[in-house]
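Here are the chains, one letter per residue:
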Amino acid sequence: MATATARNVDDRDYSALIDTANENGHSVSEELRLLSAEHARKRRAKQTVADLKALRDKIGLTLPDGMTSLDLLREERDSW
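This one's a predicted model, so the numbers in the text were calculated from it and none came from an experiment.

About the criteria used
- Residues numbered from 1 in each chain as written.
- Predicted model: local features only at pLDDT ≥ 70, side-chain atom pairs only at ≥ 80, totals over all residues.
- Heavy atoms only, no water.
- Helix = DSSP H or I, 4+ residues; strand = E, 2+ residues; numbered from the N terminus.
- Buried < 20%, exposed > 50% of the residue type's maximum accessible area, 1.4 Å probe, protein only.
- Polar contact = N/O pair within 3.5 Å; in protein donor to acceptor, adjacent residues only side chain to side chain.
- Contact = heavy atoms within 4.5 Å.

**Student:** How would you summarise unusual backbone geometry if you had to cite specific residues and measurements?
**Tutor:** Here the phi dihedral of Asn-8 falls at roughly 60 degrees; this positive angle occurs in a residue that is not glycine. Within the element layout of this structure, Asn-8 appears in the segment before helix H1 (11-24). Relative accessible area serves as the criterion here: at 81%, Asn-8 is assigned to the exposed category.

As structure tokens, then:
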């Protein structure tokens with residue numbers, strides 16, 4: 001695993017981090033790992049959504065006029 005070092009952290013921000021870690025029952029290191037992982041997950045999710053939208057636009061996926069994805073699901077379900 002990688003190691004990260006943050007320098008010149010504002011004292012108020014660090015104090016708030018300590019408070020948050022204590023409230024959550026974590027060490028400062030664990031709280032930073034959790035915050036970093038959450039941020040990375042959000043970035044990956046945002047990129048995945050952008051990739052899916054680009055794919056949709058590339059293949060020209062469209063629904064018939066007046067039809068929603070729920071209508072398609074119902075239609076498929078009822079065809080069984």
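**Student:** Give a detailed account of the side chain of Glu-31, specifying residues and quantitative values.
**Tutor:** Locating Glu-31 in the fold gives a position in helix H2 (residues 28-59). Among the polar contacts listed, one links the side chain of Glu-31 to the side chain of His-26, at a separation of 2.8 Å. Excluding residues within four positions of it along the chain, Glu-31 makes contact with Leu-17, Thr-20, Ala-21, Asn-24 and His-26.

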